[in-house]
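Tertiary structure, described
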2 protein chains.
Amino acid sequence: MSYYIGIDLGATRTKFGLLNDEFKLLRYAEFNTPEFPGKKLLIQALEKQILHLREKIKFKPKAIGIGVPGLVNPEKGLVYYLVNIPGWENVYLKRRLENSLGVPVFIDNDVNVMALAELYFGRAKGKKNVLCITLGTGVGGGLILEGKLYRGTSFSAGEVGHIPLNEEGPSCNCGGKACLERYVGNRYIVEETIEKLKKGWSSPILSDLIKNDFSQLNPEILSMALKKGDPLAEAIWQNVGRRIGIVLAGVVNLLNPEMVIIGGGVAGAGEFLFKAIRQTVKERAMRIPAEKVKIVPAKLKNDAGIIGAGILAREMLKGGKR
Amino acid sequence: MSYYIGIDLGATRTKFGLLNDEFKLLRYAEFNTPEFPGKKLLIQALEKQILHLREKIKFKPKAIGIGVPGLVNPEKGLVYYLVNIPGWENVYLKRRLENSLGVPVFIDNDVNVMALAELYFGRAKGKKNVLCITLGTGVGGGLILEGKLYRGTSFSAGEVGHIPLNEEGPSCNCGGKACLERYVGNRYIVEETIEKLKKGWSSPILSDLIKNDFSQLNPEILSMALKKGDPLAEAIWQNVGRRIGIVLAGVVNLLNPEMVIIGGGVAGAGEFLFKAIRQTVKERAMRIPAEKVKIVPAKLKNDAGIIGAGILAREMLKGGKR
């Protein structure tokens, strides 16, 4: 029997799973990431939790995989930076953990890791060309092309959230302008809602839910209001879906994928959001690729990051990427 | 010694090359495509010219490759439709020519074929991830990913000209809206120039070149005026470069390619156009992929289509794609 440890390092929570070689989750652990501020404390916390999981089994795990929210070089095991976790610039995370733990460690971007999980056990199983998107604070993406994770020349491929939606528009955190994320990232959805409320849009259900306290607004509340038929919530989600659909139309024309998988918080708006996205892709993309592509919600939910990290560990170990 | 025949089927001219197995051009022939209107006459003309080239050599060619301006299924050898050549819907071109000629025939989209030529003998040689673009009447694209031609799930990948530049905008021939091609395709560049002339933009050199006859306007004249320092021509090409650059910023973020190769008529505006494109990509794309990507003119000119078609023939013959 061989074991892997999969780690889903998130800005809010870090999750650990002990997996067997069929990627079944045997043990689970987690901690709140902000409890360990700074590089040093967080690395120590990772080590401690890994050692704790290892105690439960007789043998060493064959390898450890980690998905991180940021830009990494998986070949060097180098974290260039993490989004929303300060103090992580140019950290050789692989080498540091291997030195202290004596087990092979592999790292990759969290959306790439999620794409691997969907490829092995989710909607992408048996598919060749798939775009995976996560909607949330940011808009992330991972690409499966010709049946394999496509990382790009400097491992930064997949940034569907930073495809421009317009020639000109508001500045984006990435340094660009008018990127998709700048319109449909969580805080921008909330901002648009507040603007429309201030302009006097009718919103009986949403107003009731937040009791005029704009600080209560978030995508979950907006989804709740949508399900209860609030007209403003409908307009907001319609617009989110339309904008995602326009950018996807471009990706569908460029890559002709057979599937687009969408996961993450904003996807909580469910079938209403998917309908708006699909309708827009149908209207805006070319006929042949538009007819081919299926746009579906992610199958794997909370464990996707852990399982994907375990798959990463095994794939890279097999590939001889030491 | 083995031979291939490469054919570049174009709406204006169709070019034929007899190639040796190092893809050296041994014989060349061409005709004006519109002289053979309709499917039947054009196929006969292809057959006649192929037989004529074959007479020059002792042996049968090993295979024939054809690049066509439209959407094809290379596995079935099926032409779905050709752009700007009427009467070509759902033609099994491969089977028809194989039946009459008794030689294996392979077909693909013309920009894919050009990408193959650049991969073997041009700027993409030794590169893994490259986007090839042709600028002209339309804006076409071909993708090399992981060192191989990437065709997509239904062979329609690469349509960089149909990535939306804006949320809303003018209708495009493809059925979509606000596509890049709708702004920088030849006729739209000309339209924009005429609009600006009518608005009274100062354009001493260009006005002199066209002598107030708008029908004289085309990208070649605009390039000429640019080289002589005409301010309107500069503004037009600057805007073309900026718009191409914005869409490329999205592609660079999505695919993280090491190179973008640009060929075709509009690229005649030369270094001025490339500078505007590069500047925009630098401003709008994310730092890491933007630093990686080189944006360069195509190396192969007139013979790219013939040579690429020969490469296609050999690659598909080797791949057992009979």
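About the cut-offs
- Residues numbered from 1 in each chain as written.
- Chains lettered and ligands numbered in written order.
- Predicted model: local features only at pLDDT ≥ 70, side-chain atom pairs only at ≥ 80, totals over all residues.
- Heavy atoms only, no water.
- Helix = DSSP H or I, 4+ residues; strand = E, 2+ residues; numbered from the N terminus.
- Rg over C-alpha atoms; globule rule 2.2 N^0.38 Å.
- Buried < 20%, exposed > 50% of the residue type's maximum accessible area, 1.4 Å probe, protein only.
- Contact = heavy atoms within 4.5 Å.
- Areas by Shrake-Rupley, 256 points an atom, 1.4 Å probe, with all protein chains shown as cover.
- Pairing = 2+ DSSP bridges.
- Axes fitted to C-alpha atoms, helices over the stretch in contact; angles between N-to-C directions.
- Least-squares fit on C-alpha atoms with pLDDT ≥ 70 in both.
- Buried area = accessible area lost by both parts, 1.4 Å probe.
- Salt bridge = Lys/Arg side-chain N within 4 Å of Asp/Glu carboxyl O.
- Polar contact = N/O pair within 3.5 Å; in protein donor to acceptor, adjacent residues only side chain to side chain.
- Nonpolar A, V, L, I, M, F, W, Y, C, P; charged D, E, K, R; others polar.
- Domains from an automatic or database assignment.
- Expected span 1.5 Å × (residues − 1).
- Arc of directions from axis to C-beta.

Things to note about the overall build of chain A
Within chain A, the secondary structure is distributed over 11 helices and 13 strands. Here chain A has a C-alpha radius of gyration of 20 Å; the compact-globule value for 322 residues is 20 Å, and the two agree. Relative to its 322 residues, chain A shows a buried fraction of 60%. Contacts spanning at least 24 positions in sequence make up 60% of the contacts within chain A whose residues lie at least 6 apart. Put simply, chain A shows about 13,400 Å² of open surface, and 49% of that area lies on carbon and sulfur atoms.

Describing the sheet that holds strand β4 (residues 63-68) of chain B
All names here are of chain B. Read across the open sheet, the five strands follow the order β3-β2-β1-β4-β8; overall the sheet is mixed. Whereas interior strands pair on both sides, the edge strands pair on one side only; in this sheet they are β3 (25-32) and β8 (105-109). Within this sheet the neighbouring strands show an average axis-to-axis angle of 15 degrees, counted without direction. Two elements, β4 and β8, share five bridges in a ladder whose sense is parallel. Within β8, the position partnered with V68 by the bridge is N109. Helix α3 (residues 110-121) rests against β4 and β8 of the sheet, and its axis sits at about 100 degrees to β8.

Considering the relation of the copies chain A and chain B
The two copies are related by a screw motion: chain A maps onto chain B through a turn of 180 degrees and a shift of 0.0 Å along the axis, at an RMSD of 0.0 Å. Such a combination of rotation and displacement between the chain copies is what one expects of a two-fold axis. For chain A, the smallest separation between a C-alpha atom and the rotation axis is recorded for N166(A), amounting to 2.1 Å. Looking at chain A, 100% of its interface residues are interface residues in chain B too, so the copies touch through the same face.

Some words on the interface of chain A and chain B
Between chain A and chain B, the contact holds 47 residues from the first and 47 residues from the second. Carbon and sulfur atoms supply 54% of the area that chain A and chain B bury against each other, a total of about 4,000 Å² over both sides. At the junction of chain A with chain B, the criterion picks out six salt bridges. The salt bridge partner of E168(A) is R242(B), with a shortest N-O separation of 3.0 Å. The interface formed by chain A and chain B holds 34 residue pairs in polar contact (both at pLDDT 80 or more) in total. Breaking the side of chain A that touches chain B down by element, the ones donating at least two residues are β10 (139-145), α8 (231-255), α9 (270-284) and α10 (287-292) of chain A. In terms of residues, the side of chain A that touches chain B owes the most to one element, α8(A), which gives eight residues. Considering only residue class, the side of chain A that touches chain B consists of 22 nonpolar, 13 polar and 12 charged.

What about the domain arrangement of chain A?
Residue and element names in this part refer to chain A. You can read the domains of chain A as domain 1 (3-115 + 302-318) and domain 2 (125-297). Computed from C-alpha coordinates alone, the two centres of domain 1 and domain 2 are separated by 28 Å. The interface of domain 1 with domain 2 comprises 13 residues on the first partner and 13 residues on the second. For the pair domain 1 and domain 2, the two sides together bury roughly 1,100 Å², of which 67% comes from carbon and sulfur.

Quick notes on α9(A)
Residues and elements named next belong to chain A. The end-to-end C-alpha distance of α9, which contains 15 residues, comes to 21 Å, matching closely the 21 Å that a straight helix rising 1.5 Å per residue would cover. Taken together, the buried positions of α9 are G270, L273, F274, A276, I277, T280, V281 and R284. Projection of α9 onto a plane perpendicular to its axis shows the buried side chains occupying an angular sector of 160 degrees, all on one side. Exposed side chains of α9 directed beyond 90 degrees from the buried face belong to K275 and K282.

Quick look at the pairing of strand β2 (residues 13-20) of chain A
Residue and element names in this part refer to chain A. Across the eight residues of β2, seven count as buried, placing the element largely inside the fold. Of the strand pairs in this sheet, strand β1 (residues 3-9) and β2 are connected by seven bridges, and their pairing is antiparallel. Following the sheet pairing, L9 is matched in β2 by T14. If you look at the hairpin formed by β1 and β2, you'll find three residues sitting between the two strands. In the sheet, β2 pairs with strand β3 (residues 25-32) via seven bridges, with the strands oriented antiparallel.

Looking at the environment of N256(B)
Relative to the elements of secondary structure, N256(B) occurs in the loop between α8 (231-255) and β12 (259-264). Its relative accessible area of 0% is what places N256(B) among the buried residues. Distance from N256(B) to M1(B), taken between C-alpha atoms, is 40 Å for residues 255 residues apart in sequence. In this structure N256(B) touches Y150(A), R151(A), G152(A), T153(A), S154(A), F155(A), S156(A), A157(A), V251(B), P289(B) and K292(B), once residues within four positions along its chain are discounted. Looking at N256(B), its side chain comes within polar contact range of the side chain of S154(A), at 3.0 Å.

Notes on the pattern of salt bridges
Two side chains that carry opposite charge are able to pair once their charged atoms sit near each other. All chains considered together, the criterion is met by 26 salt bridges over all chains. Between E271(A) and R278(A) there is a salt bridge, with its nearest N and O atoms 2.9 Å apart. Here R13(B) and E30(B) are joined by a salt bridge, their closest N and O atoms 3.9 Å apart. Of the two residues, R13(B) is situated in strand β2 (residues 13-20) and E30(B) in strand β3; the sequence distance between them amounts to 17 residues. On the basis of relative accessibility, which here comes to 36%, the residue R13(B) falls in the partly exposed class. Classification of E30(B) as partly exposed rests on a relative accessible area of 37%. Connected via shared salt-bridge partners are E167(A), E168(A), K177(A), E192(B), K196(B), R242(B) and R243(B).

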